[in-house]
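Chains, contacts and geometry: an overview
The chain contents come next:
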Amino acid sequence: MDLLALADFTLVARHGGFGRAARTAGRPKATLSRRVAELEASLGLRLFERGGRTLKLTEEGRALFERAGALLTELDEAAAAIASGGERPRGRLRISAPLLFSQTAMGKLAAEFALKFPEVRLEVTTDDRLVDLVEEGYDLVIRVNPAPDESLVGRIFLRDRLVVVASPGLARPEGDAAVPAVVRGGSDQAVVWQVATPEGPARIAVEPVLRLSSLVMVRDAVRAGVGAARLPISLVGRDLDTGRLAHWGDVDGPEIALWTLYPSRRLLSARVSAFLDHLKVAFPTGAPRELAAYVEG
């Protein structure tokens, strides 16, 4: 396969048209059109659907763009590393991270990374939605319990668990009496929380009295004595240690795992590798209490 033609194809796909790609690269539009046509002929595939004023990737074209873009980026980075005498992290690194992790730890992590690698231009956005790494131009995403994705690889770097906590001044109800509860958003419709206690499994009936969009806000409301809540141990560990909050039990449910995800590539860029190593230094064992200690440190 002609790598130059492949590079021209990814250039056109990235900019959404021959004209925009030609203006960006300072290349003749006719040359780009001819080289893409030659690539299509050599593959025996139509890579673009051509309309009057629109240019849209076919299904085969989109698959090639996702794979080829990653490969060409690796080749460029390898060439730059060889030319500079080593793989020193440099260039732009775009990361998407979930809200709670961003609020509690990402600012400190980003600052330490920027000081350690001044030639990397780190950009972090906060988003709990499922972002598309390739389409939206991210190098790395951090997600909580992500669904399997064959196009991505990754690793767990932190584990957490939910606990039911309340202000020491709030009496734990007996029997089927409901306790006032602070919950996150409108999605938590549970009326009973199943928990594990030293005495065995238990049920806590709840009546939501306050709904908040952030777990940090939920924790602050619980500290104020409004009600009980289910919160990550990493967020309330220090409060439990000091007696500011009381532990009512561990929530029954799946493990909470924070993953780093990146496009499935044979070689990682020096920037991504450096950030993964940075997380490993910050959270060497990935235990729930490490995040709390890091935030308070």
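Residues numbered from 1 in each chain as written. Predicted model: local features only at pLDDT ≥ 70, side-chain atom pairs only at ≥ 80, totals over all residues. Heavy atoms only, no water.

Attention shifts here to the overall build of the protein chain. When its secondary structure is counted, the protein chain shows ten helices and 13 strands. In terms of C-alpha radius of gyration, the protein chain reaches 25 Å, well past the compact-globule figure of 19 Å for 297 residues. C-alpha atoms of the protein chain, sized along the principal axes, occupy 80 × 45 × 30 Å. Split into buried and exposed, the 297 residues of the protein chain put 42% on the buried side. A fraction of 74% describes how many contacts in the protein chain between residues 6 or more apart in sequence connect residues 24 or more apart. Accessible surface computed for the protein chain: about 15900 Å², of which carbon and sulfur atoms make up 53%. In the protein chain, which carries 39 positive and 38 negative side-chain charges, the distance between the mean positions of the two groups comes to 6 Å. (Helix = DSSP H or I, 4+ residues; strand = E, 2+ residues; numbered from the N terminus. Rg over C-alpha atoms; globule rule 2.2 N^0.38 Å. Buried < 20%, exposed > 50% of the residue type's maximum accessible area, 1.4 Å probe, protein only. Contact = heavy atoms within 4.5 Å. Areas by Shrake-Rupley, 256 points an atom, 1.4 Å probe, with all protein chains shown as cover. Lys, Arg positive; Asp, Glu negative; His and termini not counted. Charge placed at Lys NZ, Arg CZ, Asp CG, Glu CD.)

Attention now moves to the packing of helix α5 (residues 99-116) against helix α10 (residues 288-296). The N-to-C vectors of α5 and α10 enclose an angle of 65°; their axes lie 10 Å apart at closest approach. The hand of the α5/α10 crossing is left-handed. Facing α5, whose interface residues are Phe 101, Thr 104, Ala 105, Lys 108, Leu 109 and Glu 112, α10 presents Leu 291, Tyr 294 and Val 295. Per-class residue counts for the contact of α5 with α10 are six nonpolar, one polar and two charged. (Axes fitted to C-alpha atoms, helices over the stretch in contact; angles between N-to-C directions. Left-handed = near helix turned anticlockwise from the far one by under 90°. Nonpolar A, V, L, I, M, F, W, Y, C, P; charged D, E, K, R; others polar.)

Although it is not a glycine, Asn 145 adopts a positive phi angle of roughly 45°. Relative to the assigned elements, Asn 145 resides in the loop between β5 (140-144) and β6 (152-160). According to the relative accessible area criterion, Asn 145 is partly exposed, its value standing at 38%.

What follows deals with the environment of Ala 111. With respect to the helices and strands, Ala 111 occurs in helix α5. For Ala 111, a relative accessible area of 39% translates into the label partly exposed. Considered as a pair, Ala 111 and Leu 122 are eleven residues apart in the sequence and their alpha carbons are 9.4 Å apart.

Scanning the model with the defined rule gives 15 salt bridges in all. Among the salt bridges present, the one from Arg 92 reaches Glu 123, with a minimum N-O distance of 3.8 Å. Placement of the pair is Arg 92 in strand β3 (residues 91-97) and Glu 123 in strand β4 (residues 120-126), with a sequence separation of 31 residues. In this structure, Asp 127 engages Arg 129 in a salt bridge whose closest nitrogen and oxygen atoms are separated by 2.8 Å. Residue Arg 129 is classed as partly exposed on the basis of its relative accessible area of 39%. Within the structure, one salt-bridge network assembled from shared partners comprises Arg 219, Asp 220, Arg 223 and Asp 239. (Salt bridge = Lys/Arg side-chain N within 4 Å of Asp/Glu carboxyl O.)

What follows is about the environment of Gly 253. By the secondary structure assignment, Gly 253 is in the loop between β12 (246-251) and β13 (256-263). In this structure Gly 253 comes out as exposed when scored by relative accessible area, which is 58%. In this structure, the C-alpha to C-alpha distance between Gly 253 and Val 195, residues 58 residues apart in sequence, is 9.0 Å.

Below, the discussion takes up the sheet that holds β12. The strand order β8-β10-β9-β12-β7-β11 describes an open sheet built from six strands, whose pairing is mixed. Two strands bound the open sheet, and with one partner strand each, they are β8 (179-184) and β11 (229-232). Averaged over all adjacent pairs, the angle separating strand axes in this sheet is 55°, with direction ignored. (Pairing = 2+ DSSP bridges.)

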